[in-house]
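Fold and contact review
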Amino acid sequence: MNIIKFLDEFTTDNLIDGKTSRRDVFSKFGALSKKAAIAAVPFGLASVPKKALAQSMSADPVGALQLALTLEYLEDEFYDLALQSGVLPSGRPEIVYMQISKHEQAHVDFLRAGLEGAGVTPVEKPTFDFTVGGMFDPFNDNGVGQETAYAQLLALAQAFEDTGVRAYKGQAGNLLGSDFLTPALQIHSVEARHASEIRRLRGLKGWITNNDRGMGMPEATQAVYDGEENIVQGGVDVTTLGSDGPFTMEASSEAYDEPLSGDDATAIASLFIVN
Amino acid sequence: MSKKVIKVDMANRTRNRRRFLKLSGLGLAGAGLFVACSDDDYNEGMSPMPPTGEGIFDLGSGDLGVLNYAYALEQLEADFYTKVVNSFYANISDVERQVFTDLYNHEVNHREFFKAAITAAVGSNTELVLPELEFDYGSLNFGSRDEVLGTARVLEDTGVAAYNGAGRLISDPNYLLIAGKIVSVEARHASAIRSLINPESADFSGDDIIDVATGLDVAMDPSEILAAVGATGFITTQFTANNLP
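Now for a look at the structure at hand. Owing to the predicted nature of the structure, the values given are computational and were not obtained by experimental measurement.

This next bit is on the interface of chain B and chain A. The interface is formed by 59 residues belonging to chain B together with 53 residues belonging to chain A. Among the residues of chain B in contact with chain A, B:Lys181, B:Arg188 and B:Phe204 are the three that bury the most area, contributing 18% of the side total. Where chain B touches chain A, the interface holds seven salt bridges. Between A:Asp257 and B:Arg188 there is a salt bridge, and its shortest N-O distance comes to 2.8 Å. Linking chain B to chain A there are 29 residue pairs in polar contact (both at pLDDT 80 or more). Every element with two or more residues in the side of chain B that touches chain A is listed here: α3 (94-122), α4 (145-166) and α5 (173-197) of chain B.

Dropping the structure here:
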């Protein structure tokens with residue numbers, strides 16, 4: 001199935017609440033042309049869906065896996081290109097990217113095999129644009145220079161990994177009762193290990209405090225972190241469960257990662273998808 | 001030294017045990033975690049363990065059993081890091097002090113969350129809430145950077161494997177989501193601890209723990225996890241998990 005068709009149909013939240021949230025949000029940007037808007041809008045606000053309501057594939061295990069595969073395609077190609085770019089310093093950065101690249105490739109293969117094993121055709125690999133229409137130059141293809149390109153490589157990796165963690169988490173409920181739940185959780189925790197290491201490579205903590213995107217992260221990545229400040233778990237405000245360090249706002253937000261809806265994860269990924 | 005350990009009645013107790021020992025025994029110089037367990041206790045075909053006596057807590061079944069199970073593991077992690085931050089090993093770096101302080105904060109928060117969540121779930125049946133456990137780390141040297149980091153690594157990797165394996169046992173999607181919110185933080189911890197142990201390496205997500213062919217992390221059943229945790233002797237309060245796989 002065509003990736004755009006799949007993404008167009010990926011509208012769980014719209015089905016649930018009957019609203020077209022992305023279109024509403026996007027419309028606030030008014031008369032910006034679509035092309036200009038893509039370059040200007042933050043992660044997560046890109047206008048993707050042509051159809052506000054469509055037959056959804058997302059609220060079932062197959063839809064969840066197809067979304068996961070799409071995100072893995074994105075990560076896999078990103079790390080491949082990063083390793084080929086010559087931008088990465090040797091030593092720890094290159095070692096880290098090689099290890100992550102190996103896992104993302106394995107995840108792509110695993111998910112494709114899982115879908116095929118279930119008699120489902122995996123979504124096709126999209127064409128990606130990691131410059132987002134020229135906003136970034138992470139592979140130094142356009143001559144931004146190694147230092148800036150490397151900073152962008154790290155920032156994008158952080159955004160992709162933190163998004164991946166949130167996206168898998170958001171799909172867990174759709175996999176409840178499915179044989180794919182455990183493998184999805186097993187990928188989810190690997191993405192979290194990756195995220196922690198990339199963040200630490202950037203001089204940040206391995207975990208997310210409040211909704212802070214962290215030092216040096218482009219403002220455009222804020223959508224990846226919005227909602228991470230949540231401190232109410234299972235109806236309980238966890239800051240009220242005790243005093244001192246463990247129950248501060250900071251620690252209470254760090255101690256729990258938050259999910260992304262399929263819509264929000266799709267919107268973030270779509271920013272990097274040409275077709 | 002003989003200690004009381006968790007008694008777990010395991011239907012499939014030998015399955016994957018070897019794999020777990022392999023993963024947990026690596027890099028644990030001196031700590032001796034998870035390797036003290038005699039194989040004699042686990043021979044397949046051996047008569048079942050004697051029934052637990054009166055007054056020994058059982059974690060329970062279904063979502064309650066999983067919540068109590070998670071509560072037990074979070075109690076262990078929280079207690080361990082409490083001891084770490086109360087007497088940091090000598091010459092600890094600022095980064096390591098920050099990491100251990102954060103891990104202490106997160107695990108204490110998790111522990112209190114589970115206590116509150118289970119208490120809310122059982123209503124007036126408060127006897128179904130796992131009691132506060134007691135711990136004894138034996139000869140573990142909290143003054144040793146290697147032993148503290150090595151133990152933290154095993155605890156965090158074990159936490160990840162435990163939550164990954166428990167997901168399928170959860171019926172309520174709200175509990176599944178909360179488990180998902182916590183397991184990724186445990187995985188972030190595991191990565192950071194592994195990176196502190198071996199910074200210029202792929203160990204944060206190393207081939208010793210992530211399957212190279214599939215890119216999958218470890219997932220294990222409660223019986224496997226509790227057998228390994230029990231073998232450490234760290235938890236001295238007896239309880240059973242007779243109604244979890």
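Continuing now.
The next thing to look at is the side chain of B:Glu77. Take B:Glu77: it is sitting in helix α2 (residues 62-86). No salt bridge forms around the buried B:Glu77; measuring N to O, its nearest opposite-charge neighbour A:Arg193 is 10 Å away. Leave out the neighbours within four places in its chain, and B:Glu77 touches B:Glu107, B:Leu155, B:Glu156 and B:Glu186.

Glancing now at α3(B). Across its 29 residues, α3(B) extends 42 Å between first and last C-alpha, which sits within 8% of the 42 Å expected from 1.5 Å per residue. Just downstream of α3(B), B:Gly123 is the residue with a positive phi angle, here 60 degrees.

Even without glycine at this site, A:Asp244 takes up a positive phi of about 70 degrees. Mapping A:Asp244 onto the fold places it in the loop between β2 (236-237) and α9 (249-254). We note that B:Asn91 has phi near 60 degrees; this positive angle belongs to a residue other than glycine. Mapped onto the fold, B:Asn91 is located in the loop between α2 and α3. Judged by relative accessible area, which is 80%, B:Asn91 ranks as exposed.

The rules behind the values
Residues numbered from 1 in each chain as written. Chains lettered and ligands numbered in written order. Predicted model: local features only at pLDDT ≥ 70, side-chain atom pairs only at ≥ 80, totals over all residues. Heavy atoms only, no water. Contact = heavy atoms within 4.5 Å. Buried area = accessible area lost by both parts, 1.4 Å probe. Salt bridge = Lys/Arg side-chain N within 4 Å of Asp/Glu carboxyl O. Polar contact = N/O pair within 3.5 Å; in protein donor to acceptor, adjacent residues only side chain to side chain. Helix = DSSP H or I, 4+ residues; strand = E, 2+ residues; numbered from the N terminus. Buried < 20%, exposed > 50% of the residue type's maximum accessible area, 1.4 Å probe, protein only. Lys, Arg positive; Asp, Glu negative; His and termini not counted. Expected span 1.5 Å × (residues − 1).

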